[in-house]
Amino acid sequence: MQLETIKAPGSPTEGQETFVLNLGPQHPATHGVLRVKLTMDGEYITRAEPVCGYIHRMHEKMGENRTYAQFLPNTSRIDYLSAMHYTHAFVGVVERAVGIEVPPRAEYVRVITSELNRIASHLVWFGAFLLDLGGFTPLLYAFDDREKILDLLEGITGARLTYCYYRFGGLYNDVDEAFLTGTREFVTYMRPRLDMYRELVTGNVILRKRLEGIGPISAKTCRKYGATGPVIRGSGVAHDVRKVMPYSVYSDLDFDIPVFPECDCMARYLVRMEEMAQSLRLIEQALARLPAGPFVAAKVPRVIKLPPGDYYYAVEAARGRFAVRVVSDGKEIPYRVKLRTPSFANLTLFEEASRGMMLPDALALLGSLDLVIPDIDR
Amino acid sequence: MIPSLDELHAAFKRLLPPAVSPAQAGDCGGAPTAEGTAPTPAPAAALCQIVDPKAKGYHLDATVAPDQVVAAAELLDQRGFAIDTITGVDWMAARQMEIVYDFFHLTAPLQVVVRTRVPRDKPELPTISKVFPGANWHERETHDFFGIRFLGHPDLSPLLLPEDATYHPLRKDFAGAA
């Protein structure tokens, strides 16, 4: 961090002494190369200006110079903790435009793997968030649990993080008995672990004092900034793409959307903790109902061409709403691919939400947004 | 209040056609005279359509004039919509830049697309960041990638590109990419 003394024109304390504090781009609390330029009045933030783009890779341009099948692996590298959901959106938009019917077995496996991925992502957040707040141990527990998910997914996809398991019309390969047994065992194993986290961490008085009433974000602010995912559900709004505009087979499955109306960091924490339990419910049901049959559609064109026009597909990723807009001119290569990422939209409200906060509280707020930097920079 | 698709469609109809013919503000580009005088480059037939969400992923597709985007944003803001994203599409052959705004409703299954086109050699239109502050970054990004200038925007400095970037990589004539 570097210090430099300036007079900030127009700040609430104009004429008094403020200074600029650089948080990042290599700060542990930003979890990646995000820089936040903070104008400080003592311990208080008068202005927080996120500086992005350190790992900008121009995925959208890459989308314009390769075929749909060639671009698919790119989508798993945008939010590397939520790859299943991102590939789901891209195969979804192509299936929608071309009119490919996905077999039910593939859809159920997509739900199982997507929800496993969601739990794995939330476990990373859980460990890292508590690390930000000064609690080291939970990270070790969380990564232990996450390892089990990564092993399961590695068995069927061959990858531990950047899965490219969903294909146009279905899946890369069918799930095997080892995966099904392992996932059943994982659900049984994970439930008591969540209870343990509830007892050991959620009720912890230090945690509660660090989070309760801190970083309030109103439902209106979420709407005006387009914040989604656990952020808006921690502000009392039950917006979840899986319920509002259901895709895949989510409308056939029974699950609740955890909503907490307190709008503070604790509410966002509780949303994610509850979501893991709901994901387990979804996995259990999908496993019980998993139909037999093909795992990929019989008729998938060898060369994918979308009819001219534009197509949109949104999914509920671990961090919120992820959407793909593809504009096609009828060729093998997309004319335009737009990626709407949740971390980008969730970060836009940070400047407003952090105004007047103390620095350690702002770090709690930043952690409660659960940012993945490649998801912002794309 | 949960808006209905029909009410929303009617509200957009009142907004259209472009402000150049206010006498016909009650029509939705249906009148032949409105089609003849419409200054927007987009075809008048596509001004305001209810589309099949199963095929497209959204429910309403509205094409407005560049100076109507703020009014369209206000219309959706009043009905409880949130800003989803803003982006551009470079139609180089037609010498136009399309700006696409996506909005989603928080609780109702409604997804609305608002689009407009500006001349490619003078890509300017008003900002909607005063209605939706979240549009600020989306517009900044669109300026980065396409060089579209959002008039009245508080800060159009590069967001994702390097701070000294003078190029716009998503323009179809950008030759820097492999």
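Residues numbered from 1 in each chain as written. Chains lettered and ligands numbered in written order. Predicted model: local features only at pLDDT ≥ 70, side-chain atom pairs only at ≥ 80, totals over all residues.

Draft legend 1. Broad picture of the overall build of chain A. What chain A contains, in helices and strands, is 15 helices and nine strands. Its C-alpha radius of gyration of 21 Å places chain A within 12% of the 21 Å reference for a compact globule of 378 residues. Residue pairs in contact within chain A that sit at least 24 positions apart in sequence constitute 68% of those at least 6 positions apart. (Helix = DSSP H or I, 4+ residues; strand = E, 2+ residues; numbered from the N terminus. Rg over C-alpha atoms; globule rule 2.2 N^0.38 Å. Contact = placed C-beta atoms within 7 Å.)

Draft legend 2. Up close: the overall build of chain B. A tally of regular secondary structure across chain B gives five helices and seven strands. When its helices and strands are written in sequence order, chain B yields α-α-β-α-β-α-β-β-β-β-α-β. Within chain B, contacts between residues at least 6 apart in sequence are counted, and of these 54% link residues at least 24 apart.

Draft legend 3. Spatial organisation of the sheet that holds strand 4 (residues 96-105) of chain B. Residue and element names in this part refer to chain B. If you walk across this open sheet you meet the five strands as 1-2-5-4-3, and the pairing is mixed. The open sheet terminates on both sides in strands that have one partner only, identified here as strand 1 (48-50) and strand 3 (81-91). Between one strand and the next, the sheet's axes are offset by a mean angle of 15°, whatever the strand orientation. In this sheet, strand 5 (residues 111-119) lies alongside strand 4 in antiparallel orientation, the contact comprising nine bridges. Across the sheet, residue Tyr-101 finds its bridge partner in strand 5, namely Val-114. Across the face of the sheet, helix 4 (residues 69-78) comes into contact with strand 2 (60-63), strand 3, strand 4 and strand 5 while running at roughly 170° to strand 5. (Pairing = 2+ DSSP bridges. Axes fitted to C-alpha atoms, helices over the stretch in contact; angles between N-to-C directions.)

Draft legend 4. Just the pairing of strand 4 (residues 44-51) of chain A, in detail. All names here are of chain A. Bridging between strand 3 (residues 35-41) and strand 4 involves seven bridges; their strand directions are antiparallel. The partner of Met-40 across the bridge, within strand 4, is Ile-45. Count of turn residues in the strand 3/strand 4 antiparallel hairpin: two residues, of which Gly-42 carries a positive phi of about 65°.

Draft legend 5. Geometry of the interface of chain B and chain A. The interface of chain B with chain A comprises 25 residues on the first partner and 30 residues on the second. Sorting the residues of the side of chain B that touches chain A by element identifies helix 3 (53-56), strand 3 and helix 5 (135-146) of chain B as the ones contributing at least two each. Ranked by residue count, the leading element in the side of chain B that touches chain A is strand 3 of chain B, at six residues. Of the residues assigned to the side of chain B that touches chain A, the class counts are 16 nonpolar, seven polar and two charged. (Nonpolar A, V, L, I, M, F, W, Y, C, P; charged D, E, K, R; others polar.)

Draft legend 6. Local environment of unusual backbone geometry. Residues and elements named next belong to chain A. At Cys-263, a residue that is not glycine, the phi angle is positive and equals roughly 70°. A residue is classified by how many C-beta atoms lie within 10 Å of it, and Cys-263, with 21 of them, is buried. Notably, Asp-370 is not glycine yet its phi reads approximately 55°, a positive angle. Topologically, Asp-370 is positioned in the loop between helix 14 (359-368) and helix 15 (373-377). For Asp-370, a count of 28 C-beta atoms within 10 Å puts it in the buried group. (Buried ≥ 20, exposed ≤ 12 C-beta atoms within 10 Å, placed from the backbone.)

Draft legend 7. Inspection of the domain arrangement of chain A at higher detail. All names here are of chain A. The domain boundaries assigned to chain A delineate domain 1 (3-51) and domain 2 (59-377). Using only C-alpha atoms to locate each centre, domain 1 and domain 2 end up separated by 31 Å. Contacts between the two partners involve 11 residues from domain 1, matched on the other side by 17 residues from domain 2. Grouping the amino acids of the side of domain 1 that touches domain 2 by side-chain chemistry returns seven nonpolar, two polar and two charged. (Domains from an automatic or database assignment.)

Draft legend 8. The arrangement of the confidence of the model for chain B in detail. Of the residues in chain B, 80% have a pLDDT of 70 or more, and the chain-wide mean is 79. Scoring the predicted complex yields pTM 0.85 and, for the interface, ipTM 0.84. (pLDDT = per-residue confidence, 0-100.)

Draft legend 9. Main features of the confidence of the model for chain A. Mean pLDDT for chain A: 88, with 95% of residues reaching 70 or above. Within the model, pLDDT remains below 50 along residues 1-9 of chain A, and this stretch shows 17 contacts once partners closer than five positions in the same chain are excluded.

Draft legend 10. The arrangement of the packing of helix 5 (residues 137-157) of chain A against helix 6 (residues 177-202) of chain A in detail. Residues and elements named next belong to chain A. The contact between helix 5 and helix 6 brings their axes to 11 Å, and the two run at 165°. Between helix 5 and helix 6, the crossing angle belongs to the class labelled roughly antiparallel. Handedness of the crossing formed by helix 5 with helix 6: left-handed. Side by side, helix 5 and helix 6 meet where Pro-138, Asp-145, Lys-148, Ile-149, Leu-152, Gly-155 and Ile-156 of the first sit next to Ala-178, Phe-179, Gly-182, Thr-183, Phe-186, Met-190, Arg-193 and Val-201 of the second. For the contact of helix 5 with helix 6, the class distribution of residues is nine nonpolar, three polar and three charged. (Parallel < 35°, antiparallel > 145°, perpendicular 65-115°, else oblique. Left-handed = near helix turned anticlockwise from the far one by under 90°.)

Draft legend 11. Layout of the environment of Val187(A). All names here are of chain A. Following the sequence through the fold, Val-187 ends up in helix 6. The spacing of Val-187 and Gly-234 is 47 residues in sequence and 25 Å in space, taken between C-alpha atoms. Excluding anything up to four places from it in sequence, Val-187 contacts Leu-280, Ile-283 and Glu-284.

Draft legend 12. Structural context of the nonpolar core. In terms of nonpolar packing, the biggest core is built from 150 residues, with Ala89(A), Val93(A), Ala314(A), Val324(A), Ala62(B), Ala72(B) and Val112(B) touching the most fellow members. When we break this core down by domain, the ones giving at least three residues each are domain 1 (3-51) and domain 2 (59-377) of chain A. Non-local contacts of Ala72(B), meaning those with residues more than four positions away in its chain, are made with Leu15(B), Ala62(B), Val64(B) and Val114(B). (Core = buried A, V, L, I, M, F, W, Y, C linked by C-beta atoms within 7 Å.)

Draft legend 13. Just the environment of Arg79(B), in detail. With respect to the helices and strands, Arg79(B) occurs in the loop between helix 4 and strand 3. Linking Arg79(B) and Leu8(B), residues 71 residues apart in sequence, is a C-alpha distance of 8.7 Å.

Draft legend 14. Local environment of helix 1 (residues 5-15) of chain B. Residue and element names in this part refer to chain B. If you check which residues of helix 1 are buried, you get Leu-8, Phe-12 and Leu-15. For helix 1, the angular spread of the buried residues around the axis is 50°, confining them to a single face. Along helix 1, exposed side chains directed more than 90 degrees from the buried face belong to Asp-6, Glu-7 and Arg-14. The inward-facing, buried residues of helix 1 contact strand 1, strand 2, helix 4 and strand 5. (Arc of directions from axis to C-beta.)

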